[in-house]
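Descriptive analysis of the structure
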Amino acid sequence: MSTILDRFLDTNIQDLKDRGLYNEIDPLESANGPVITIGGKKLLNLSSNNYLGLATDERLIEAAREALEKYGVGAGAVRTINGTLNLHVQLEEAIARFKGTEDAISFQSGFNCNMAAISAVMDKNDAILSDTLNHASIIDGCRLSKAKIITYEHSDMDDLRKKAKEATESGKYNKVMVITDGVFSMDGDIAKLPEIVEIAKEFDLITYVDDAHGSGVTGDGAGTVKHFGLQKEIDFQIGTLSKAIGVVGGYVAGKRKLIQWLKVRSRPFLFSTAVTPADAAASRKAIEILTDSKELVEKLWDNGRYLKEGLKKLGFDVGNSETPITPCIVGDEKLTQTFSQRLYEEGVYAKAIVFPTVPRGTGRVRNMPTAAHTKEMLDEVIAIYEKVGKELNLI
Ligand SMILES: *Cc1c(COP(=O)(O)O)cnc(C)c1O
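Residues numbered from 1 in each chain as written. Predicted model: local features only at pLDDT ≥ 70, side-chain atom pairs only at ≥ 80, totals over all residues. Heavy atoms only, no water.

1. A closer look at empty space enclosed by the protein
- Applying the stated criterion across every chain, the model contains one cavity of 30 Å³ or more.
- A volume near 50 Å³ is recorded for the largest cavity.
- Its residues assigned to classes, the lining of the largest cavity comprises four nonpolar, three polar and one charged. (1 Å grid on protein atoms, 1.4 Å probe; cavity = no way out; pocket = protein on both sides within 12 Å on 5 of 7 lines; lining within 4 Å. Points joined across faces, edges and corners; volume = space filled by probe spheres on them. Nonpolar A, V, L, I, M, F, W, Y, C, P; charged D, E, K, R; others polar.)

2. Section: the state of the cysteines
- Tallied over the full model, the rule gives zero disulfides.
- C113 forms no disulfide, and the closest cysteine sulfur to it belongs to C142, at a distance of 13 Å. (Disulfide = S-S within 2.5 Å.)

3. What to know about the UniProt feature "domain: Aminotransferase class I/classII large" (unreviewed entry) in the chain
- Feature annotation in UniProt places "domain: Aminotransferase class I/classII large" (unreviewed entry) on residues 42–382, given in this structure's numbering.
- End C-alpha to end C-alpha, residues 42–382 measures 17 Å, and it is 46% helix and 16% strand. (UniProt positions renumbered as here; feature names shortened; annotations may be inferred. Helix = DSSP H or I, 4+ residues; strand = E, 2+ residues; numbered from the N terminus.)

4. Some points on the side chain of T323
- Following the sequence through the fold, T323 ends up in the loop between α13 (295–314) and β10 (326–331).
- Not counting the four nearest positions on each side in its chain, T323 is found in contact with V183, G188, I190, T218, W301 and K308. (Contact = heavy atoms within 4.5 Å.)

5. Let's talk about the layout of surface pockets
- Volume-wise, the largest pocket comes out at about 900 Å³.
- When residues of the lining of the largest pocket are traced back to their parent elements, those giving at least two are α1 (3–18), α14 (333–346), β11 (348–349) and β12 (352–353).
- For the lining of the largest pocket, the leading source of residues is α14, giving four residues.
- The class makeup of the residues in the lining of the largest pocket is 13 nonpolar, 11 polar and six charged.

6. Let's talk about the sheet that holds strand β6 (residues 176–181)
- Reading across from one edge, β3-β9-β8-β7-β6-β4-β5 is the order of the seven strands in this open sheet, with mixed pairing throughout. Only two strands of the sheet have a single partner each, and these edge strands are β3 (103–107) and β5 (148–152). Geometrically, the sheet is characterised by an average inter-axis angle of 20 degrees between neighbouring strands, direction not taken into account.
- In terms of strand pairing, strand β8 (residues 236–240) meets strand β9 (residues 250–254) through four bridges, oriented antiparallel. Paired with I238 across the two strands is V252, which belongs to β9.
- The sheet strands contacting helix α4 (residues 86–99) are β3, β8 and β9, and the helix crosses β3 at an angle near 125 degrees.
- The strands touched by helix α10 (residues 256–265) within the sheet are β3, β8 and β9, with β3 carrying the most contacts at an inclination of about 30 degrees. (Pairing = 2+ DSSP bridges. Axes fitted to C-alpha atoms, helices over the stretch in contact; angles between N-to-C directions.)

7. Re the site of the ligand
- What surrounds the ligand is a group of 14 residues, the closest being G110, D210, T240, S242 and K243.
- Within the side chain of H213, one N or O atom sits 3.2 Å away from an oxygen atom of the ligand.
- A distance of 2.7 Å separates an oxygen atom of the ligand from a polar side-chain atom of T240.
- Within the complex, 86% of the 380 Å² of free accessible area of the ligand lies under protein.
- Per-element accounting of the shell around the ligand gives the leading share, three residues, to helix α5 (residues 110–121). (Near = heavy atom within 4 Å. Polar contact = N/O pair within 3.5 Å; in protein donor to acceptor, adjacent residues only side chain to side chain. Areas by Shrake-Rupley, 256 points an atom, 1.4 Å probe, with all protein chains shown as cover.)

8. Points about the packing of α5 against α10
- Relative orientation of the contacting elements α5 and α10 amounts to 105 degrees, with a least axis distance of 10 Å. Taken as axis vectors, α5 and α10 run roughly perpendicular relative to one another. Within the contact between the two elements, α5 uses A117, A120 and V121 and α10 uses L258, W261, L262 and R265.
- When its residues are assigned to classes, the contact of α5 with α10 shows six nonpolar, no polar and one charged. (Parallel < 35°, antiparallel > 145°, perpendicular 65-115°, else oblique.)

9. Examining the pairing of strand β1 (residues 35–38)
- Bridge analysis of β1 against strand β2 (residues 41–45) gives four bridges, and the strand direction is antiparallel. Paired with I38 across the bridge in β2 is K41.
- A loop of two residues connects β1 with β2, the two strands running antiparallel in sequence, and G39 in this loop sits at a positive phi of about 55 degrees.

10. What to know about the sheet that holds strand β13 (residues 363–367)
- Read across the sheet, three strands follow the order β10-β13-β12 without closing on themselves; strand pairing throughout is antiparallel. Because the sheet does not close on itself, it has two edges, and the strands there are β10 and β12.
- Relative to β13, β12 runs antiparallel, the two sharing two bridges. From the neighbouring strand, I353 faces β13, where its bridge partner is R364.

11. Description of the pattern of salt bridges
- One pass over the full model with this rule turns up 20 salt bridges.
- In this structure, R65 and E62 form a salt bridge, with 2.9 Å as the shortest nitrogen-oxygen distance. Within this pair, R65 and its partner E62 are both found in helix α2 (residues 58–71), separated by three residues, close to a single helical turn.
- Judged by its relative accessible area of 40%, R65 is partly exposed.
- On the accessibility criterion, E62 (37% relative accessible area) is partly exposed.
- The shortest N-O distance in the salt bridge between R342 and E346 comes to 2.9 Å. Highlighted residues: R342 and E346, both in helix α14, separated by four residues, approximately one helical turn.
- The structure contains a network of salt bridges with shared partners spanning R342, E345, E346, K387 and E391. (Salt bridge = Lys/Arg side-chain N within 4 Å of Asp/Glu carboxyl O. Buried < 20%, exposed > 50% of the residue type's maximum accessible area, 1.4 Å probe, protein only.)

12. A look at the environment of M1
- As for its placement among the helices and strands, M1 is situated in the segment before α1.
- Of the residues examined, M1 reaches a relative accessible area of 69% and is grouped as exposed.
- Sequence spacing of M1 and A147 is 146 residues, and the spatial spacing of their C-alpha atoms is 37 Å.
- Apart from residues lying up to four places away in sequence, M1 is in contact with D6 and L9.

Following this line, the structure appears as structure tokens:
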């Protein structure tokens, strides 16, 4: 190893460890369901994005198995050479139907999708208005495009309007885009899409909503854009196949000509191999299940409400979540880590989320209930929260 790299790694890893920011990864010895096994210990799992329990759904496993047997393990090429299987096309048709758009294009991940879509349309002569709490992949996608990034205060519509006016009236930019998460994953609040659309119309902004945490959750499962009935107004509806859908992948749903453009200009689509046949088939199955039935989505919301009420009643601060995402806000970073550690020892896996993922002094343990949890599991979770909360004087 180069001595410069060696020194760089030693210094920086030690620095993170000293500041308590070095993340140790706990590998699971089980599926990522409502109960997981880590180091031989069974834990109630409140940390996955597997909102609907679809990651282990028998119907998806069967669809994946059939695809695996017919098409093998890999797609064999990038989408634009000959890696597009009819499974990918069927998946995209199912996504467009589900989202209520003319067409859709799928990618290898949600992260990848933001790298692909933003820079296919925006360049150095453009500007992007971005919510301060947008996901890392949106931030990186914006950077990659080389457009001027103008952040606005989280969900502050006066600030957005002011900055949209400045950007469009300056005459400095060819195009201006507004970009937001549909559901913000650290607090569980929903973007103010009706106001955003109004501002976008006033200033002719391109609209881009990354609904990674909303798809399969809000709008009867079809997402936050559907929740507000704005399918015709939002240009880019981004989603992931890796969270509620339970598999892996990402997509853009929108107008046909937008999708046509992305198919010739988005670099991960052109230069990175397509998702595996099993992934494509399982994702399509999940979307069909969600298109046909609201049962899992209703169960998720039921469980979300139950957990939120239970924790609130105990006296925990669950913030202003509007979705099943249920943060327990502790504040102090060290205390948040201790809280999460004690929950772990008592049998609950709920990760501490601290600065820099959330602002300093707003450390929290974040809970993600799913449709696969039973009421008994949630009762057990609430009892453990009560015990540990009292022990640490949090309630
Ligand atoms: C999780 C997430 C992504 C990344 O999705 P993957 O499919 O896991 O790559 C992108 N955007 C947002 C808003 C997310 O929450």
